[in-house]
Amino acid sequence: MELLQLYYFRTVARLEHMTKAAQEIRIAQPALSKTIARLEEDLGVPLFDRKGRNIRLNSFGKVFLEKVEMALTALEDGRKEIEDLAGMERGRVFLSTTTHKCFSDLIGTFISKHPDIQLQINQASSYEKIKQLRNGDIDFCITFPPLKVEGISGKSFLTEEILLAVPFTHRFANRKSIDLSELADDAFINIKEGNPFREMTDDFCKQAGFSANIVCEVDELSAISHFLRTGIGVAFLPETFIEDKQVPFHLLHIDNPVCQRTYQIAWLEGRYLSSAARQFRDFMYDYFNEFRNQKNGVS
């Protein structure tokens, strides 16, 4: 049994498609098929159920994949730890996050203070983030709501208020706060379905006893403000999204229900974190601790 066979097997098991796996690994599909066949011959059992061109990981494959993941993760952690001890690490942190402005500012500040550390960042769904952590593809993910998944540790670092934005022509434009149920008959502008922010705000409305009448769906929060100016509806916006106090709409505090979201940084339990990764995590804790102090007027 060779180490390369294990890497190849993990890719095929993840994609359950020989051609796609061969393209990702960048080898010929027949060569990949032969490698998997030799691995199965060494083990004495098939790892996949095959029907025509379709393959599915079978019960033997699922058991073996779990051990392969543990072995490959341990080897990768060992390499990183040795690099740290030998002072050879170049400093890379793999992060899956969001386009939220707070994190953009955090990342920019971190890079300016640690030019020797390279951040590699991608966007992913919560499901994809969990998969990336377990595969060892990333060191951390930033997510909301906090993950509650076995084998994944995390720490909440920011809780922000979700406000209601209304056009200046709205009947509540002279109010400071509202009960969300007062907006039951209003038209809403919101993110498209499938986005965690949309799921969260739909739940806020459900708690208030109604289902929001969505008249406009957008891809990004930044687009919401443009439609608010037209007066076609109201919208939920995170407080930290508001950069300028002179915004072209009116902001209301929501008294009921409590409308907040909490962010978490998460990592795989038991996985070795490089010196660069630990520096990034510590920096993030300090950054948002200062952010909270400034928000609360603590000097």
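Before any of the text, the structure's been laid out above.
The next thing to look at is the overall build of the chain. A count of helices and strands for the chain gives 9 helices and 12 strands. Taken over the C-alpha trace, the chain has a radius of gyration of 24 Å; the compact-globule value for 299 residues is 19 Å, which it surpasses by more than 25%. Counting only C-alpha atoms, the chain reaches 75 × 50 × 30 Å along its principal axes. Relative to all contacts within the chain whose residues are 6 or more apart in sequence, the contacts with residues 24 or more apart total 74%. Averaging the positions of the 37 positive and the 42 negative side-chain charges in the chain gives two centres separated by 3 Å.

Summed over the entire model, instances satisfying the criterion amount to 14 aromatic pairs. Taken together, a centroid distance of 5.3 Å and an interplanar angle of 65° make the contact between Phe-144 and Tyr-263 edge-to-face. One end of the pair, Phe-144, is in the loop between β5 (140-143) and β6 (152-166); the other, Tyr-263, is in strand β12 (residues 260-268), and 119 residues separate them in sequence. When sorted by exposure, Phe-144 lands in the same class as Tyr-263, which is buried. Ring-pair connections join several aromatic residues into one group, and the members of that group are Phe-110, Phe-140, Phe-144, Phe-157, Tyr-263, Trp-267, Phe-280, Phe-283, Tyr-287 and Phe-288. In this arrangement the basic side chain of Arg-171 is found over the ring face of Phe-172, its NZ or CZ atom lying 4.5 Å from the centre. For Arg-281, the ring lying beneath its charged end belongs to Trp-267, and the centroid distance is 4.6 Å.

We now examine the state of the cysteines. The final tally for this structure, using the stated rule, is 0 disulfides. Not engaged in a disulfide, the cysteine Cys-216 finds its nearest cysteine sulfur in Cys-205; these two sulfurs lie 15 Å apart.

For helix α8 (residues 221-228), every residue scored as buried is listed here: Leu-221, Ile-224, Ser-225 and Leu-228. Taken down its axis, α8 places every buried residue within 100° of arc, on the same side. Contacts made by the buried residues of α8 are with β6, β8 (187-191), α7 (196-207), β9 (213-218), β10 (234-238) and β12.

On to a nonpolar patch on the surface. Taken together, Leu-3, Leu-4, Tyr-7 and Leu-75 make up a surface patch of nonpolar side chains, about 350 Å² in accessible area. With 3 residues, the single largest contributor to the nonpolar patch is helix α1 (residues 3-15). Within the element layout of this structure, Tyr-7 appears in helix α1. We classify Tyr-7 as partly exposed; its relative accessible area is 31%.

Calculation notes
- Residues numbered from 1 in each chain as written.
- Predicted model: local features only at pLDDT ≥ 70, side-chain atom pairs only at ≥ 80, totals over all residues.
- Heavy atoms only, no water.
- Helix = DSSP H or I, 4+ residues; strand = E, 2+ residues; numbered from the N terminus.
- Rg over C-alpha atoms; globule rule 2.2 N^0.38 Å.
- Contact = heavy atoms within 4.5 Å.
- Lys, Arg positive; Asp, Glu negative; His and termini not counted.
- Charge placed at Lys NZ, Arg CZ, Asp CG, Glu CD.
- Phe/Tyr/Trp six-rings, centres within 6.5 Å; stacked < 30°, edge-to-face > 60°.
- Buried < 20%, exposed > 50% of the residue type's maximum accessible area, 1.4 Å probe, protein only.
- Lys NZ or Arg CZ within 6 Å of the ring centre and 35° of its normal.
- Disulfide = S-S within 2.5 Å.
- Arc of directions from axis to C-beta.
- Patch = residues over 30% accessible without salt bridge, like charges linked within 9 Å, V, L, I, M, F, W, Y side chains within 5 Å.
- Areas by Shrake-Rupley, 256 points an atom, 1.4 Å probe, with all protein chains shown as cover.
- Salt bridge = Lys/Arg side-chain N within 4 Å of Asp/Glu carboxyl O.

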